[in-house]
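Next come the chains, spelled out residue by residue.
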Amino acid sequence: MEIILLGPPGAGKGTQAARLVERLGLVQLSTGDMLRAAVKAGTPTGLAAKAIMDSGELVSDEVIAGIIGEALDAIRPDTGVIFDGYPRTEAQATALDGLLTERGRTLDAVIELEVDVDALVDRISGRYSCARCGEGYHDRYKQPVVAGVCDVCGSTEFKRRPDDTADTVRHRLAVYRRQTAPILPLYEARGLVRRVDGMAAMDAVAAAIDRVLDDASS
Ligand code: AP5
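Please read all numbers here as calculations on a predicted model, not as lab measurements.

Draft legend 1. Fine view of the site of the ligand. The full set close to the ligand counts 34 residues, and Thr-15, Glu-57, Arg-88, Arg-127 and Arg-172 are the nearest of them. Contact distances for the ligand include 2.5 Å between an oxygen atom and a side-chain N or O atom of Thr-15. Side-chain polar atom of Arg-172 to an oxygen atom of the ligand: 2.7 Å apart, as the coordinates give it. Protein contact buries 94% of the 1,000 Å² of open area that the ligand shows by itself. For the shell around the ligand, the leading source of residues is helix α2 (residues 31-41), giving four residues. In terms of residue class, the shell around the ligand is built from 15 nonpolar, ten polar and nine charged.

And the structure:
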């Protein structure tokens, strides 16, 4: 099964993709995570991407096609993929069609997480994660069970993304509206889009996604 999770910054794509990995054994391909790994490793791609990401603009379609193609080649052909935060432009959507066809894969569903834009600034500016294992938290919606200690690995070190400031989030939302939202009608015309209320609690969103996927595979 190949699924795209689409939605503006903070819609919950990463949160729900991680749950789908656990529940269905799919592989999550997050272009944001891959770029952040490249920045951390100091690769040429990472060095070029850092300033663009910090400003909230999009990294070039060519760079993204390269990293997605490589990542797909590393996945067993019988394992499904969740695309998280990709594609984000019409050119990326076209490139993805080609990459999937070349590998004998077919897109099953595009799940759009619908959210209230005001809530997004709040969600993102409160977000942080464990510096060791990457487990995600939020100042109000998901705190560690023991304050200051990661539930998963016990680390006491946490970090925030440099692009998670309120101003940059607003800019990322504008970029989403201008460059990413226009790809939805392309998938709608192919009957692939399923809408899920991303404002519901995380478990309810996960349950709604399960129903959508049951539908898509029946
Ligand atoms: P990327 O990392 O993809 O960021 P994004 O799309 O802006 O999305 P986020 O990760 O901020 O949000 P999310 O929807 O995953 O929400 P999350 O689950 O974390 O991209 C970063 C940058 O990289 C881009 O700006 C660009 O520069 C570059 N880039 C990446 N991909 C690219 C591409 N394809 N092309 C070009 N450039 C690219 O949730 C957010 C918070 O809300 C969390 O704290 C979470 O706990 C909380 N939360 C989640 N769900 C709920 C809920 N139901 N209720 C309450 N809280 C919730």
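On we go from here.
Draft legend 2. Structural view of the pattern of salt bridges. Applying the stated criterion across every chain yields a total of 21 salt bridges. Note that Arg-103 is salt-bridged to Asp-73, the shortest N-O span being 2.8 Å. Within this pair, whereas Arg-103 is found in the loop between α5 (90-102) and β4 (107-114), its partner Asp-73 is found in helix α4 (residues 61-73), the two being separated by 30 residues in sequence. Here Glu-188 makes a salt bridge to Arg-195, at a shortest N to O gap of 3.0 Å. Given a relative accessible area of 38%, Glu-188 falls into the partly exposed group.

Draft legend 3. Expanded view of the packing of aromatic side chains. Evaluated as defined, the whole model comprises four aromatic pairs. Each ring, one from Phe-83 and one from Tyr-86, has its centre 5.9 Å from the other, and the planes form 50 degrees; the classification is tilted. Of the two residues examined, Phe-83 and Tyr-86, each falls in the buried class. With a centroid separation of 5.5 Å and an interplanar angle of 80 degrees, the aromatic rings of Tyr-128 and Phe-158 are classed as edge-to-face. A residue pair is termed long-range when its members are at least 10 positions apart, and Tyr-128 in strand β5 (residues 127-130) and Phe-158 in strand β7 (residues 158-159) qualify at 30 residues. Under the relative-accessibility criterion, Phe-158 is labelled partly exposed at 26%. Among the aromatic residues, ring-to-ring pairing joins Tyr-128, Tyr-137 and Phe-158 into one connected group. Looking at Lys-142, its charged tip hangs above the ring of Tyr-137, at a distance of 5.1 Å from the centre.

Calculation criteria
Residues numbered from 1 in each chain as written. Predicted model: local features only at pLDDT ≥ 70, side-chain atom pairs only at ≥ 80, totals over all residues. Heavy atoms only, no water. Near = heavy atom within 4 Å. Polar contact = N/O pair within 3.5 Å; in protein donor to acceptor, adjacent residues only side chain to side chain. Areas by Shrake-Rupley, 256 points an atom, 1.4 Å probe, with all protein chains shown as cover. Helix = DSSP H or I, 4+ residues; strand = E, 2+ residues; numbered from the N terminus. Nonpolar A, V, L, I, M, F, W, Y, C, P; charged D, E, K, R; others polar. Salt bridge = Lys/Arg side-chain N within 4 Å of Asp/Glu carboxyl O. Buried < 20%, exposed > 50% of the residue type's maximum accessible area, 1.4 Å probe, protein only. Phe/Tyr/Trp six-rings, centres within 6.5 Å; stacked < 30°, edge-to-face > 60°. Lys NZ or Arg CZ within 6 Å of the ring centre and 35° of its normal.

Interpretation in functional terms is not warranted from these geometric data alone.
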